[in-house]
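A look at the structure
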Amino acid sequence: MRSPKRRRLHFSNICSFNCVKGALKEDHTRIGGPGFSRIVYCNNPDCLEVSPTNRSTNYVRTTKYTAANFLPKSLFEQFRRVANFYFLVTGILAFTSLAPYSGVSAIIPLMIVIGATMVKEGIEDWQRKQQDIEVNNRKVKVHRGGGVFEQTEWRNLKVGEIVKVEKDEFFPADLVLLSSNYEDAVCYVETMNLDGETNLKLKQALELTSSLNEDEDFHDFRAVVKCEDPNANLYSFIGRMELEKQLDPLSPQQLLLRDSKLRNADYIYGVVIFTGHDTKVIMNSRDPPSKRSKIEKKMDKIVYFLFCILFVMAFSGSVYFGIITKHDLEVGSKRWYLRADKTSVFFDPKRAPIAALFHFLTTLLLYSYLIPISLYVSIEIVKVLQSIFINQDIHMYYEEADKPAHARTSNLNEELGQVDTILSDKTGTLTCNSMEFVKFSVAGTAYGNNLTEVEKMITKRVESPLIVNGKDKKSFIKGFNFDDERIMNGKWVNEPHSDVIQKFFCLLAICHTVIPDIDEDTGMVVYEAESPDEAAFVIAARELGFEFFKRTQTSVSLNELNPVTGKRVERSYKLLNVLEFNSSRKRMSVIVRDEEGKLLLLCKGADSIMFERLAENGRAYEEETRDHVNQYAEAGLRTLILAYRELSEEEYMVFNGSFSEAKNSVPECIDKLAQAGIKIWVLTGDKMETAINIGYACSLLRQGMKQIIINLDATENFAVVKTGEKDAIAKASKESVLCQITEGKARVAASSSASFALIIDGKSLAYALENDVKKLFLELAVGCASVICCRSSPKQKALVTRLVKEETKKTILAIGDGANDVGMLQEADIGIGISGVEGMQAVMSSDIAIAQFRFLERLLLVHGHWCYRRISSMICYFFYKNVTFGFTIFLYEAYTSFSGQPAFNDWFLSLYNVFFTSLPVIALGVFDQDVSARFCLKFPLLYQEGVQNVLFSWRRIIGWMLNGLCSAVIVFFFCIKALNPQSFNKDGKIAEYQILGATMYTCVVWVVNCQMALAISYFTIIQHIVIWGGIALWYIFLLAYGTMPPCISKTAYRVFVESLALTPSFYVVTIFAVISALAPYFAYTAIQMRFFPMHHEMIQWLRHNHKSEDPEDSNLVRLSSISPTTVGFSTAHSLTRTNRV
C-alpha cells in the first residue's frame, strides 16, 4: 500500500488558490447576527453549550410515507380523485335501504381498486426507503478521542465531529476542510451529483489547520467555528474559525458539500458543520414539477361528462317515476301489482315527490356502473409495465457506457407519441460531448485529415466528390482522433517549421492541471483531469511523442522526442506559476523554466482573448491562423489558441510580486423525426456560424432552405455606450429586432411553398422574449421549418420553452445533458436527459433518461407511438364497455317502469369491471401493436396520428360511446324479444327475471370481450388467455356462485345448472345477440379501411399484401408525410425526386 507521505506535495506551486490566510471581509462582520448564528465546537459535539438547532441528526429520509402515516395519507391521496370519492359515497349509501344491491358487493370492488393502488405506491416508497437505508448506512471514519478514528454509519454523525474521508469516497455531511495528505492541505472535489459538472473543484484548508496531517494530531484539537445558518446556496459560505486565539475567515474554498466526492487526494480531515436535512444539497433537492399528460387531463373531462350523463339519466327517470307513481291509485293503473295502498314511502303515490327524490338517489347508485371504477388503477398498472419495456429495450442500450434507457416517471408515456416540437441543447446533446483532438494549425499550416460530421454533411449536401478524398479513420484511443502522415510517427521533424511544432506539442503537455497516476494493474500512466478537454490535450501530446508522466511539487516531466537523434528523452520543466482558466480571463497560463534555464510563458485560451494579446513580432501567421480557426468552427469544432513567449528574468521578477464533438447517427435521427412531422428547435450557446454549420450537419438545415437571420450587428455599431445612452440603445435594439421579425413574417407569408429556417442570436432573443414582442416572434418561428437560437442562456432556454408550450398548447419535448438545461427540461411537457459526460443533473431533473440523442428516434417513433395508441385505445375501450353495461342496466330499469330494479345480481354488478373485463384491457395497453417497430421507423408519418391526436379526439371518444350504446340496445332488445313471452325450455317454463338477467349478462361479457378481439391488431398468447379466459371465468363463476346458499347467491342460485346450461335457446340467443351487436362496428371498420384508411391501416394493408418492400407503394405512403416545412436530408432528396417527376 502506498504511503501517504509520498503524496504530500506543495500544490500551491501547481495550481492557483485563494489566499488561505486573509483579513476578515465585510461579510464576516455579520457573523453572530440574524442568519449567521451557528456555533460549532470542533471535536466536542456533546458540549453543553451546543445549541439545540445543532443537534439534528445526519439521518436523511426521502420517502413520501412513514409507517405511521402511510394508511391515512395514502387514503387521502386516493380519495382526492373525484371518481374514487364518488364510489366511496355510493359504497356508504349502499348500506342504506336506498341501495338496489347489497353494501358488501358495492364496497369490495372499491377496496380492491384502492388497495391495488396503495400497494403500488407502497412498493415505490419502499424502494425509496431502501435507497435511504443504503445511504444512511454508509461508513465513515470518525474521531472517537485520543487520536483514534473508528468506522460509523453516516446517520450517526453529529455537528462538530471530526471525520476522515478517503479517496473516491463521498462526503457524509457538509464539512469544513481541515487538512489533507498534502502539506498544502489541498484536494480535488467532484461535484457531479450537485451541479452536474464533471470538472474537478480545487479546495484548500486554512493554514491554521493545514499541519494536522495524522490521526494523532487530533488528540487535543479544539476549535470553534462560527458561521452562517443552514441555507440552500451551494456557492457561498461565510464563517470564521478560532483556534488558539487565532481568528481566520472561512470561505467556500474550505467547504466540502455532502454527496460530492474526494478525488486526487488519499484522504482529508474535516469537521461536520451541517448534517442531514440542514445540508445544502438536501435543501436544494426538490420534487420535480408535477406533470400530467394531455390524455390524462382529457380523461378527467370524459369522466365528468359521464357524470353529467348519469345525473341526466337519473333525473329524467326520477321525474318520470314521480309522475307515474302519482297515478298508481287511479283505477286501471298499469302498476297494480305494487299495491299502492299498502306500500312504503319509496312507492307512495301520496308522497310522489319524496318517492321521486328517493328514486333519484337509488338510480345514482344503480347507474354508477357507467363510471369505470378500475380505470385509474388499470392505467397506472399499464404505464408501469410500459416503462419497464422502455427500460429493457436493447435497441436503446448504450453498451460503451453500460447505460440503458430509464423512464424515471411513468406518467408521460403516451405523451411521447404526441410531441409537436423538440427543443434541444446542441452542445453534448446533438453531440456526444466526447472531446477529441482532431486538427491543429501551426505556423500557418493546417494539419489533420479526418473529416468531422459537419464536413461530411456539407460535402454530401453539395454532392461534392471531396468526400472520397477525406479520411474517416477512427482512432481507438479515447480523446484522440487525429491522422496526418506529415505529423504521425515522428515525421513532424521534417516539416518546415518543426521547431514551432515542437513548442506546440510541449505546450500541450505542460499547460494544464492534470494529475498523472500509475494504474497498479497495468503499470500505465492514466490521467485524472478537471475536464475532458484537459485530458484530450495531454493524450494528444502523448500520442504525438510528448508523454507527460510525472508531476512533483515544483516540476512536470515529459518523455519527448528529440528531433536530432530521433529518440525519446526525459526532460523536466520547473513549474513556477499556474494561472487558472476562469470566465473573465478565458485563458490559462503557466510559467516554467526549462533545462536550459529559459523562462517560458505558455498560454491557451479563446481566440477573442488571445489574438488581441499577440506581440507585434508574433503576428506572422495571424491571418492564416484566423482563417483556419474559422474553418474549424465551420466544421463544428471547438477551438483554442495556443501561444508562448520567452520571458526575461526582470519581467518575471516584476510579475512575481482543439476539440471535436463526436456525433453519432444524429442526422439520421433528426431526419426521421422531421419526417414524422416533429418541429425541431436548437437552443445553443455557440456562435452563429458554428450553429449554422452544426444545423447542416444534423440535417436541421438543407440546401435551398431560405434563412431568416435576426441579430443586432447593426445596432452594435453605435457610438461608445455611455451611461445616459443605455436606454436609447436598448430602445433602438428592440425596434431593430421587431423590424426584423416583421420582415421575416412577411417573407414567410409571401411564399407558400418555400421552407424557412429562423436563426436568432442571444441578444436579439432577449428582446424577442419581451411581453409585447414574444407572440410575434412565436408566430414567425412556428411558420419556419427549423429554429436555431444562438448564444442562449439557461434562463432564455427555459423562457423559450415556456413560450412555445403555453402559446401553442402542443406537446413540447426538451432534451439536454447539462446542468444549464435543467430549467428547460422541467419547463417542458417532457424532459429528456442525456446521461453523457456532463454529469447527472440533467438526468436527475428529467422524466426519461437516454444515453445518446440518436435513441430519441426509437423512443418517440416506436415507444411513443405504441404507448399513445395503447393508452388511447385502452381508455376508449374502457368507456365503451362501461357504456354498454351501464345502458343495459338503464334500459332494463326503464323497461320495468323505472322501479329501481337492477337487471343483474349484486355480485354480477360488482365484478364486471374488476374481473370479467379488466384483464383484456390491461393486455391491450401493454402488448398491442398496430405495426411493428421496423415499420414505425420505416414510415415515420405514422407518428402524425399522435401529433394530430386522431386516436383520442372527441369524435373518436363519442364514437366509441355510441358503439357501446348501440351494443347495449341490441343486446337488451334481442334478449327481451327472444326470451319473452315464449317458453324458455321444453317444460314450458318462461324466462324469469333471473334467467333474463343472466342471459343478458352473458351476452354483454361476450360482446365486450369479442369487441376487444376485433380491436386488437397484434395478438399474443397473453391476450388470447385474458380475452377468452375472461369469458370462461364468467361461466366458472356463474356455476360456482350458483351452488352457494340462496341467502348468498340470491337470484343466481342454481340458475346456470338448472335453467341455462340445459336450454339450447340460451346458446342460440347468446350467439345471435353477440353477432348482431358486433356487426355495426365490423361494417364501419370495413368501410373505413377500404375507403378512408388511417395511416396505420395503410401500412397494415401494405404489410398484409406483401407490398411493404415495393418502392412505388411505399413511396406513396411516405410522401404523404412530407410538407414544405419538413426538414431532413432524405426529405430534401425526396422533394427533389418528386419535383423531377
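Quick caveat, the model's predicted, so the values are computed rather than measured. (Residues numbered from 1 in each chain as written. Predicted model: local features only at pLDDT ≥ 70, side-chain atom pairs only at ≥ 80, totals over all residues. Heavy atoms only, no water.)

1. Some remarks on the overall build of the protein
Spelled out, the test is: Helix numbers and strand numbers start at the N terminus; a helix is a DSSP run of H or I with at least 4 residues, a strand a run of E with at least 2. Here's how the labels work: a residue is buried when its accessible area is under 20% of the maximum for its type, exposed when over 50%, partly exposed in between, all with a 1.4 Å probe on protein chains only. Per-residue and other accessible areas follow the Shrake-Rupley method at a 1.4 Å probe size, with only the shown protein chains counted as cover for residues.
In terms of regular secondary structure, the protein is built from 38 helices and 34 strands. Evaluated residue by residue, the protein yields a buried proportion of 54% over its 1141 residues. Carbon and sulfur atoms make up 57% of the accessible area of the protein, which totals about 50,400 Å².

2. What about the confidence of the model for the protein?
Predicted coordinates in regions of low pLDDT should not be interpreted in detail. For clarity, the cut-off: Each residue gets a pLDDT score, which is the predictor's confidence in that residue and runs from 0 to 100. Contacts: residue pairs with any heavy atoms within 4.5 Å of one another.
Model confidence for the protein is summarised by a mean pLDDT of 82, while 83% of its residues fall at 70 or above. Residue range residues 464-470 is modelled with pLDDT below 50. Its contacts to residues more than four positions away, or to other chains, number 6 contacts. Segment residues 714-724: pLDDT under 50, and 9 contacts once partners within four positions in sequence are set aside and those in other chains are kept.

3. Some words on the nonpolar core
Where a protein is soluble and globular, its nonpolar side chains tend to be buried together. Condition: Definition of nonpolar core: a set of buried residues of the types Ala, Val, Leu, Ile, Met, Phe, Trp, Tyr and Cys, connected through side-chain atoms within 4.5 Å.
Counting 111 residues, the largest nonpolar core has Phe879, Phe885, Phe904, Phe908 and Tyr1001 as the members making the most contacts within it. Considering every element that reaches this core, the biggest residue donor is helix H25 (residues 855-895), with 16 residues. Leaving out residues up to four positions away in the same chain, tyrosine 1001 has contacts with Phe885, Phe904, Phe908, Leu911, Tyr912, Phe916 and Trp1034. With 55 residues, the next largest nonpolar core counts Ile670, Tyr696, Ile850 and Leu941 among its residues.

4. As for the sheet that holds strand E23 (residues 568-579)
Sheet strands line up and pair through hydrogen bonds in the backbone, either parallel or antiparallel. For the record, the criterion: We call two strands paired when DSSP finds no fewer than two bridges between them. Here an angle of 0 to 180 degrees is reported between the N-to-C directions of two axes, which are lines fitted to C-alpha atoms, with helices fitted over the stretch in contact.
Taken together, the 6 strands give an open sheet; going across it, the order is E21-E22-E23-E24-E25-E26, and neighbouring strands pair in antiparallel fashion. Every interior strand has two partners, whereas the edge strands, strand E21 (546-551) and strand E26 (641-647), have only one. On average, each strand axis in the sheet is inclined to that of its neighbour by 30°, with strand direction left out of account. The pairing of E21 with strand E22 (residues 555-561) spans 5 bridges and is antiparallel. By the bridge assignment, lysine 550 is partnered in E22 with serine 557. Here helix H16 (residues 649-656) sits on the sheet in contact with E23, strand E24 (587-593), strand E25 (599-605) and E26, set at roughly 45° to E23.

5. With respect to the pairing of strand E30 (residues 756-760)
For a regular strand, side chains alternate in direction, first toward one face of the sheet and then toward the other. Taking burial as the measure, the 5 residues of E30 include 5 buried ones, the bulk of the element. Residues of E30 alternate between two faces, with Phe756, Leu758 and Ile760 on one and Ala757 and Ile759 on the opposite face, all of them buried. Taken together, the 5 bridges between strand E29 (residues 706-710) and E30 define a ladder with parallel strand orientation. Each bridged residue has a counterpart across the sheet, and for lysine 706 the counterpart in E30 is phenylalanine 756. The sheet contact formed by E30 and strand E31 (residues 786-789) spans 4 bridges and is parallel. Looking at the pairing, alanine 757 lines up with serine 786 of E31.

6. A closer look at the packing of helix H31 (residues 993-1015) against helix H35 (residues 1064-1091)
Let me state the cut-off plainly: Working rule for angles: under 35 degrees goes down as roughly parallel, over 145 as roughly antiparallel, 65 to 115 as roughly perpendicular, anything else as oblique. Helix crossings get a hand from a simple test, with the near helix turned counterclockwise from the far one by less than a right angle marking a left-handed crossing and a clockwise turn marking a right-handed one. Residue polarity follows a fixed list, in which Ala, Val, Leu, Ile, Met, Phe, Trp, Tyr, Cys and Pro are nonpolar, Asp, Glu, Lys and Arg are charged, and the others, Gly among them, are polar.
Put simply, H31 and H35 touch, their axes get as near as 9 Å, and they point 40° apart. Between H31 and H35, the interaxial angle falls into the category oblique. Read as a crossing pair, H31 and H35 show a hand that is right-handed. On H35, the residues that touch Thr999, Thr1002, Cys1003, Trp1006, Val1007, Cys1010, Gln1011, Leu1014 and Ala1015 of H31 are Phe1066, Val1069, Thr1070, Ala1073, Val1074, Ala1077, Leu1078, Tyr1081 and Phe1082. Looking at the contact of H31 with H35 residue by residue, the class counts come to 14 nonpolar, 4 polar and no charged.

7. A look at the packing of aromatic side chains
Stated precisely, the cut-off is as follows: Centres within 6.5 Å are what make two rings of Phe, Tyr or Trp a pair, Trp counting through its six-membered ring; a difference in plane orientation under 30 degrees is then read as stacked, over 60 as edge-to-face, and the rest as tilted.
Applying the stated criterion across every chain, the model contains 55 aromatic pairs. Aromatic side chains phenylalanine 149 and tyrosine 269 sit 5.6 Å apart centroid to centroid with 50° between the ring planes, which places their arrangement in the tilted category. A residue pair is termed long-range when its members are at least 10 positions apart, and phenylalanine 149 in strand E3 (residues 149-153) and tyrosine 269 in strand E13 (residues 267-274) qualify at 120 residues. Taking relative accessible area as the criterion, phenylalanine 149 reaches 12% and is therefore assigned buried. Arranged with centres 5.4 Å apart and planes meeting at 10°, the rings of phenylalanine 885 and phenylalanine 904 form a pair that is stacked. With phenylalanine 885 in helix H25 and phenylalanine 904 in the loop between H25 and helix H26 (906-916), this pair connects stretches of sequence that are 19 residues apart. Both residues of the pair, phenylalanine 885 and phenylalanine 904, belong to the buried class.

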